[in-house]
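Residues per chain, in single letters:
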Amino acid sequence: MEETVTTDHGGRPDVERVVVLGTGLIGTSIALALRSRGVDVALSDPDPASLRMAADLGAGRPLEENTPAVPADVAVVAAPPEVVPEVLKKAQDRGLAQVYTDAASVKSSVVAGAERLGCDLATFVPGHPMGGREKSGPGAARSDLFLGRSWALCPTGKADAGAVAAVSQVSRLCGADPLVLDPAAHDRAVALVSHAPHMAASAMAARLLEGDASALALAGQGVRDVTRVAGGDPGMWTAILSHNAAPVAGVLRGIAEDLTATAHSLEQAQGPDADLAPVRDVLERGRTGQGRLPGKHGAVRRPAWAVLPVVVSDEPGVLGRLFVAAGEAGVNIEDVRIEHTPGLPMGTVSLSVLPEAEDTLVRALSAAGWSVHPGR
Ligand SMILES: NC(=O)c1ccc[n+]([C@@H]2O[C@H](COP(=O)([O-])OP(=O)(O)OC[C@H]3O[C@@H](n4cnc5c(N)ncnc54)[C@H](O)[C@@H]3O)[C@@H](O)[C@H]2O)c1
Ligand SMILES: O=C(O)C(=O)C[C@]1(C(=O)O)C=C[C@@H](O)C=C1
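All values derive from a computational prediction rather than experimental measurement.

**Some details on the overall build of the chain**
Now for step 1: Along the backbone of the chain there are 14 helices and 13 strands.
Now for step 2: On the principal axes, the C-alpha backbone points of the chain span a range of 65 × 60 × 35 Å.
Now for step 3: Out of the 376 residues belonging to the chain, those deemed buried represent 40%.
Now for step 4: Here the analysis covers contacts within the chain between residues at least 6 apart in sequence; of these, 72% occur between residues at least 24 apart.
Now for step 5: Of the roughly 19700 Å² of accessible surface on the chain, 56% is carried by carbon and sulfur atoms.
Now for step 6: Each charge class in the chain can be summarised by its mean position, and for the 33 positive and 44 negative side chains these summaries are 2 Å apart.

**Observations concerning the site of ligand 2**
Now for step 1: Taken together, Ser105, His128, Pro129, Met130, Gly132, Arg133, Glu134, Ser194, Arg228, Val229 and Trp237 are the residues near ligand 2.
Now for step 2: Take Ser105: an N or O atom from its side chain is 2.7 Å from an oxygen atom of ligand 2.
Now for step 3: A distance of 2.6 Å separates an oxygen atom of ligand 2 from a polar atom in the side chain of Ser194.
Now for step 4: For ligand 2, the protein covers 83% of the area, taking 370 Å² as the surface of the free molecule.
Now for step 5: Taken together, the residues that form the shell around ligand 2 break down as 4 nonpolar, 4 polar and 3 charged.

**Examining the sheet that holds strand S9 (residues 177–180)**
Now for step 1: Read across the sheet, 3 strands follow the order S7-S8-S9 without closing on themselves; strand pairing throughout is mixed. In this open sheet, the two strands that pair with only one neighbour each are strand S7 (127–129) and S9. Averaged over neighbouring strand pairs, the angle between their axes works out to 20° when direction is ignored.
Now for step 2: Relative to S9, strand S8 (residues 150–153) runs parallel, the two sharing 4 bridges. What sits directly across from Trp151, in S9, is Pro178.

**A word on the site of ligand 1**
Now for step 1: Taken together, 27 residues lie near ligand 1, and Ile26, Asp45, Ala79, Ser105 and Gly137 sit nearest.
Now for step 2: Ser105 has a polar side-chain atom sitting 2.7 Å from an oxygen atom of ligand 1.
Now for step 3: Arg133 has a polar backbone atom sitting 3.3 Å from an oxygen atom of ligand 1.
Now for step 4: Protein coverage of the free-state accessible area of ligand 1, which is 830 Å², stands at 83%.
Now for step 5: Elements with a contribution of two residues or more to the shell around ligand 1: helix H1 (25–36), S7 and helix H9 (234–242).
Now for step 6: In terms of residue class, the shell around ligand 1 is made up of 14 nonpolar, 10 polar and 3 charged.

**Thoughts on the side chain of Ser194**
Now for step 1: Its place among the elements puts Ser194 in helix H6 (residues 183–207).
Now for step 2: Among all residues touching Ser194, those that are not within four sequence positions of it are Met130 and Trp237.

**Considerations on the domain arrangement of the chain**
Now for step 1: You can read the domains of the chain as domain 1 (17–182), domain 2 (187–292) and domain 3 (306–372).
Now for step 2: At the interface, 13 residues of domain 1 touch 14 residues of domain 2.
Now for step 3: Approximately 1100 Å² of surface area, both sides summed, lies buried where domain 1 meets domain 2, with 59% of it carried by carbon and sulfur atoms.
Now for step 4: Counting the surface domain 1 buries against domain 2, the share from its top three residues, Ser105, Val106 and Glu134, is 43%.
Now for step 5: Remark: the boundary between domain 1 and domain 2 carries 1 salt bridge.
Now for step 6: Scanning the region where domain 1 abuts domain 2 turns up 5 residue pairs in polar contact (both at pLDDT 80 or more).
Now for step 7: Counted by class, the side of domain 1 that touches domain 2 contains 4 nonpolar, 5 polar and 4 charged residues.

**A look at the state of the cysteines**
Now for step 1: Under the defined criterion, the tally for this structure stands at 0 disulfides.
Now for step 2: Take Cys154: it sits in no disulfide, and the sulfur closest to it among the cysteines is that of Cys119, at 16 Å.
Now for step 3: Given the relative accessible area of 0%, Cys154 is considered buried.

**Considering the side chain of Thr123**
Now for step 1: Counting through the fold element by element, Thr123 comes out in the loop between helix H4 (108–116) and strand S6 (124–125).
Now for step 2: Looking at Thr123, its side chain comes within polar contact range of the side chain of Asp120, at 3.2 Å.
Now for step 3: Not counting residues up to four positions away in its chain, the partners in contact with Thr123 are Gln92, Gln98, Val99, Tyr100 and Ala163.

**A few points about the pairing of S9**
Now for step 1: Only one face of S9 is buried: it carries Pro178 and Val180, and the other face, with Asp177 and Leu179, is open.
Now for step 2: Regarding the hand of the β-α-β motif, the stretch spanning S8, helix H5 (residues 161–173) and S9 is right-handed.

**Some thoughts on the sheet that holds strand S1 (residues 17–21)**
Now for step 1: The strand order S3-S2-S1-S4-S5-S6 describes an open sheet built from 6 strands, whose pairing is parallel. In this open sheet, the two edge strands, each paired with only one partner strand, are strand S3 (61–62) and S6.
Now for step 2: As defined by bridge partners, strand S2 (residues 40–44) adjoins S3 across 2 bridges and the pair is classed as parallel. Among the inter-strand pairings, Leu43 is bridged to a residue of S3, identified as Pro62.
Now for step 3: Sitting on the sheet, helix H3 (residues 84–94) is in contact with S1, strand S4 (72–77), strand S5 (97–102) and S6, with an inclination near 175° to S5.

Conventions we followed
- Residues numbered from 1 in each chain as written.
- Chains lettered and ligands numbered in written order.
- Predicted model: local features only at pLDDT ≥ 70, side-chain atom pairs only at ≥ 80, totals over all residues.
- Heavy atoms only, no water.
- Helix = DSSP H or I, 4+ residues; strand = E, 2+ residues; numbered from the N terminus.
- Buried < 20%, exposed > 50% of the residue type's maximum accessible area, 1.4 Å probe, protein only.
- Contact = heavy atoms within 4.5 Å.
- Areas by Shrake-Rupley, 256 points an atom, 1.4 Å probe, with all protein chains shown as cover.
- Lys, Arg positive; Asp, Glu negative; His and termini not counted.
- Charge placed at Lys NZ, Arg CZ, Asp CG, Glu CD.
- Near = heavy atom within 4 Å.
- Polar contact = N/O pair within 3.5 Å; in protein donor to acceptor, adjacent residues only side chain to side chain.
- Nonpolar A, V, L, I, M, F, W, Y, C, P; charged D, E, K, R; others polar.
- Pairing = 2+ DSSP bridges.
- Axes fitted to C-alpha atoms, helices over the stretch in contact; angles between N-to-C directions.
- Domains from an automatic or database assignment.
- Buried area = accessible area lost by both parts, 1.4 Å probe.
- Salt bridge = Lys/Arg side-chain N within 4 Å of Asp/Glu carboxyl O.
- Disulfide = S-S within 2.5 Å.
- Right-handed = clockwise from strand over helix to strand, strands pointing away.

Here it is, written out as structure tokens:
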């Protein structure tokens, strides 16, 4: 069902001008990635605050109100799934671009909606970048969000080859690998690898409401890994699930059967020597299934930053002083993570820096009396 995408652009010139409609997490991330490759990007969003923030982040300039004299090469609709067809229709009616795509997490309903509204399917190549985060809005956007990820393209039979080539070029400019498949196959696939996993994570995370403070204080990385995506926007995810209901329900039924069998077996267990064959069976199949996930798309080719843990006291101003100390050493902090130690007035601040800056930072912070722990 799936095909690799030709690099032939069907005679079209390279993609140089793109319009992004919807400047939330995904639209702004696409725009930032394209800007970093020298593409001219115009931005639009009905929410003026999102638009301003995306523009301030360097994702592009606001799209002018009037219909542009020259259409862009590609317009990307990065809005919630339920509004994609109407946004596409308006954009095509305005002649914003020569080719159109979208980023919605579901494809059959988007294609059906586009057909219903009479959109031009020759120039529309539905898309779905398989990178994301559990956060919304332009403030969470990253130019490297799609590096090494798959990017589904689901053209209908009416799509021009040149339009498919142009959208595949957009995906490559964002560092992703385009993969062509039909909308129904896409929806079944993402039910398995994205939508049901999200719901399973939410169901587990919902159990945490029952945990008291001391139970939650024991939380390590395991539960954080399993529940990370549950932090996503419930409104957006309800829309995604409702647009892919039957395939997701099928996967959830399978999960529920495994969990029911596991719970039943554990309830019946008499002591540590009990026969837990059904439990073992789920664990064995789970390990085999986990091993089937391809390494390539999971292993993101983000820059390898050195991570330097610094133990700090939990008091006002400490982070400011730490950042100033790094700045005075001439080291740029690429990322930062803060972990609090429950019950102690201390925490660990993990500073991510370029590997070549690590030694400089360790020396500078150590000399200034900070508790640095390189190599941990
Ligand atoms: N969040 C993810 O991990 C992820 C990953 C891949 C694809 N997607 C898909 O990308 C799309 C955007 O998701 P997001 O995570 O960026 O959401 P988001 O909430 O961060 O951003 C959505 C943006 O769309 C704007 N918007 C709403 N109505 C609009 C309209 N009529 N015209 C133009 N813009 C409009 C909103 O103002 C908002 O800025 C969705 O279709 C989602 O299914 C999400
Ligand atoms: O990494 C995450 O936070 C995501 O949820 C990303 C993820 C996914 O399931 O992989 C979520 C929804 C999208 O449509 C595409 C990607």
